[in-house]
Amino acid sequence: MLRIACPWCGERDEAEFRYRGDASVQRPAADAGLDAFFAYVFERDNPKGWHREWWQHAQCCRRFINVVRHTVTHEIAAIGKPEDDPAVPE
């Protein structure tokens, strides 16, 4: 089980959190075409290695956090608030 350090509540078990998606994907501009929105919603990479993700602390403060996690080893390199931009290791 992962131990995730919520910036507001401290270190907690993974069971208190919900994965909410890839934090590196940028929403297309409002005037972007249908193809851009289709790609944004349905076409995602499945990276092997370090990845920036959104997690929600669903069973406590209910806030979102920005987590940098390795998709193979599940090691967590950095955790930040939504406005933070934690560095992804090389």
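The rules we used
- Residues numbered from 1 in each chain as written.
- Predicted model: local features only at pLDDT ≥ 70, side-chain atom pairs only at ≥ 80, totals over all residues.
- Heavy atoms only, no water.
- Helix = DSSP H or I, 4+ residues; strand = E, 2+ residues; numbered from the N terminus.
- Buried < 20%, exposed > 50% of the residue type's maximum accessible area, 1.4 Å probe, protein only.
- Contact = heavy atoms within 4.5 Å.
- Areas by Shrake-Rupley, 256 points an atom, 1.4 Å probe, with all protein chains shown as cover.
- Patch = residues over 30% accessible without salt bridge, like charges linked within 9 Å, V, L, I, M, F, W, Y side chains within 5 Å.
- Salt bridge = Lys/Arg side-chain N within 4 Å of Asp/Glu carboxyl O.
- Core = buried A, V, L, I, M, F, W, Y, C linked by side-chain atoms within 4.5 Å.
- Polar contact = N/O pair within 3.5 Å; in protein donor to acceptor, adjacent residues only side chain to side chain.
- Pairing = 2+ DSSP bridges.
- Axes fitted to C-alpha atoms, helices over the stretch in contact; angles between N-to-C directions.

*Asks:* Please provide a residue-by-residue account of the overall build of the chain, values included.
*Replies:* Looking only at helices and strands, the chain features one helix and six strands. Reading the chain from its N end, one meets helices and strands in the order β-β-β-α-β-β-β. Principal-axis analysis of the C-alpha atoms gives the chain an extent of 40 × 30 × 20 Å. Burial status across the chain gives 29% buried among its 90 residues. Pairs at least 24 apart in sequence give 47% of the contacts found in the chain among residues at least 6 apart. Accessible area of the chain: about 6,100 Å², with a carbon and sulfur share of 48%.

*Asks:* Lay out a nonpolar patch on the surface with the relevant residues and their values.
*Replies:* Side chains of F38, V41 and F42 sit close together on the surface and give an oily, nonpolar patch of about 330 Å² of accessible area. Structurally, F42 is set in helix α1 (residues 34-42).

*Asks:* Can you lay out the nonpolar core for me, pointing to particular residues and giving the numbers?
*Replies:* Residues L2, I4, C6, F17, W55, I65 and V67 constitute the largest nonpolar core, which totals seven residues. Of all the elements in the fold, those that place two or more residues in this core are β1 (3-6) and β5 (64-70). Sequence-distant contacts of C6, defined by excluding residues within four places in its chain, comprise E11, F17, H57 and C61.

*Asks:* Break down the side chain of H51 for me, with residues and values.
*Replies:* Mapped onto the elements of the fold, H51 is located in strand β4 (residues 50-56). Within polar-contact distance, the side chain of H51 engages the side chain of E53 at 3.4 Å. If sequence neighbours within four positions are ignored, H51 has contacts with Y19, D22, V67, V68, R69 and T71.

*Asks:* An account of the pattern of salt bridges is requested, with residue identities and associated values reported.
*Replies:* Under the defined criterion, the tally for this structure stands at five salt bridges. Measuring nitrogen to oxygen at the nearest pair gives 3.1 Å for the salt bridge that ties E11 to R3. E11 gets classed as partly exposed once you look at its relative accessible area, which sits at 49%.

*Asks:* Would you mind going over the sheet that holds strand β3 (residues 18-22) in detail, with residue names and values included?
*Replies:* The sheet built from four strands is open, its strands ordered β3-β4-β5-β6 with antiparallel pairing. Because the sheet does not close on itself, it has two edges, and the strands there are β3 and β6 (76-80). Strand-to-strand twist in this sheet, taken as the mean axis angle between neighbours without regard to direction, amounts to 30°. As paired elements, β3 and β4 share four bridges and run antiparallel to each other. Within β4, the residue paired with R18 across the bridge is Q56.

*Asks:* Report on the pairing of β6, specifying residues and quantitative values.
*Replies:* Relative to β6, β5 runs antiparallel, the two sharing four bridges. Bridge pairing links R69 to I76 in β6. Linkage of β5 to β6, two consecutive antiparallel strands, is achieved through a turn of five residues, within which H74 is found at a positive phi near 65°.

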